[in-house]
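Chains, contacts and geometry: an overview
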Amino acid sequence: MGLTEIKAEIAAAAVEETDLLLQELGIEGWSLLEDAIAKRAWLVGIFTSESEARAQWEALKPQLGLMETPVIRTLADQDWRDSYKAHFKAWQSGRLHWVPVWERATYALPAGDVALWLDPGLAFGTGNHETTRLCCERLVAFAASRGTNGRLIDAGCGSGILALSASLLGFRDIRGFDNDAEAVRVSQENAVLNGMEGVVRFFPGDLDSGLAGQKADLLMANIQADVLMRFAGRLVDAVAPGGLLVLSGILAIEVDKVRAAFKAAAPGWAVEGRTMGEWCDLALTRP
């Protein structure tokens, strides 16, 4: 029996909000695909029949305020994963490459470089979104300038891309957590895919429980801006003296508000940020 894909384009700037609404509403069967380079995004559902796909769309449309007419097509069994491939491209920062797993046999990896293989059928978080790229670039720069001896914590690990990338760069004390048990499972699956099972400790937790009693030399939090601000004190407290706090998931229109909240929570810390498309990050260094 074939599967049915239903797909509609949404505004790239609405991805984070749409993802949050899907989680809050507890709606399953839908995924978000992004192409950061082309600045496009899609809402995609995979269902067992066209009638189910149409019914699910009609139920979802008013809750998310969707206006686009979706494209519906029949997929062969197990071939739905192929529909993701066009939206995930290999990319690199420094000597670290993020590569779709189906390119594993053909991808030309330069001598001395390392690759994290990702299956977008399993993962949400491949580096194709600006917020993830900003974090990955910060991670590579930190490893190059300050080494990999310290503790790294990936708060809100998603697919595990940051924590697993850190392991490839040479970090050994790595922890990743997420308040979504499915994200923890996906992170563990991506660890197995890369031969790193048990190397990184992934566990369920929120910003309170996940950071309780922790001090990180590099703490990375790619989480939406309102959550970052709400937990500013907890995030700041979890950074070791001389450590770096990297914040992402911040829209450019929100960055001044986030910067102000963290300057209040961390007086005397050096703060700088970068912009990529419509998204920003902030890096705060503890004295």
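Residues numbered from 1 in each chain as written. Predicted model: local features only at pLDDT ≥ 70, side-chain atom pairs only at ≥ 80, totals over all residues. Heavy atoms only, no water.

Of all seven residues making up strand E14 (residues 279-285), six are buried, and the element is well covered by its neighbours. Bridge count between strand E12 (residues 239-251) and E14: six bridges; the pairing is antiparallel. Its bridge partner being in E14, Leu244 is matched across the sheet by Thr285. Across seven bridges, the pairing between strand E13 (residues 270-276) and E14 is antiparallel. (Buried < 20%, exposed > 50% of the residue type's maximum accessible area, 1.4 Å probe, protein only. Helix = DSSP H or I, 4+ residues; strand = E, 2+ residues; numbered from the N terminus. Pairing = 2+ DSSP bridges.)

Strand order in the open sheet formed by seven strands is E10-E9-E8-E11-E12-E14-E13, and the pairing between neighbours is mixed. Each edge of the sheet is formed by a strand with only one pairing partner; in this case those strands are strand E10 (201-204) and E13. Neighbouring strand axes in the sheet, compared pairwise and without regard to direction, differ in orientation by 15° on average. Of the strands in this sheet, strand E8 (151-155), strand E11 (216-222), E12, E13 and E14 touch helix H4 (residues 130-146), which is tilted by about 160° from E12. (Axes fitted to C-alpha atoms, helices over the stretch in contact; angles between N-to-C directions. Contact = heavy atoms within 4.5 Å.)

A separate point is the confidence of the model for the protein. Parts of the prediction with low pLDDT should not have their coordinates interpreted in detail. Residues at a pLDDT of 70 or more form 91% of the protein, whose mean pLDDT is 87. At the low end of the mean pLDDT range in the protein sits helix H3 (residues 82-85), at 59; at the high end sits helix H9 (residues 232-237), at 98. (pLDDT = per-residue confidence, 0-100.)

Counting residues in each nonpolar core, the largest one holds 32 residues, and the members touching the most others are Trp98, Leu139, Phe171, Phe202 and Leu218. Those residues in contact with Leu139, other than ones at most four positions away along the chain, are Leu152, Leu162, Ser165, Ala166, Leu169, Phe171, Leu218 and Met220. Within the second largest apolar cluster, 30 residues are counted, among which are Ile153, Leu211, Ile223 and Ala232. (Core = buried A, V, L, I, M, F, W, Y, C linked by side-chain atoms within 4.5 Å.)

Looking now at the sheet that holds strand E5 (residues 91-93). Strand pairing in a sheet relies on backbone hydrogen bonds, with the paired strands running either antiparallel or parallel. The sheet built from three strands is open, its strands ordered E5-E6-E7 with mixed pairing. Among the strands making up the open sheet, the edge pair consists of E5 and strand E7 (114-118). Averaged over all adjacent pairs, the angle separating strand axes in this sheet is 20°, with direction ignored. Here strand E6 (residues 96-100) pairs with E7 via five bridges, running parallel. Bridge pairing links Trp98 to Leu116 in E7. Taken strand by strand, H4 contacts E5 and E6, and its axis lies near 40° from that of E5.

A few words now on the pairing of E10. Two faces belong to every sheet, and in a regular strand the side chains alternate between them. Pairing analysis gives four bridges linking strand E9 (residues 173-178) to E10, with the strands arranged parallel. Residue pairing across strands places Asp178 opposite Pro204, the latter belonging to E10. Once you follow E9 into helix H6 (residues 181-193) and on to E10, the crossover reads as right-handed. (Right-handed = clockwise from strand over helix to strand, strands pointing away.)

Of the positions making up helix H10 (residues 255-265), those classed as buried are Val255, Val258 and Phe262. Projection of H10 onto a plane perpendicular to its axis shows the buried side chains occupying an angular sector of 65°, all on one side. Away from its buried face, by an angle of more than 90 degrees, H10 presents the exposed residues Asp256, Lys257 and Ala264. Residues of H10 that are buried in the fold lie against helix H8 (225-230), H9, E12 and E14. (Arc of directions from axis to C-beta.)

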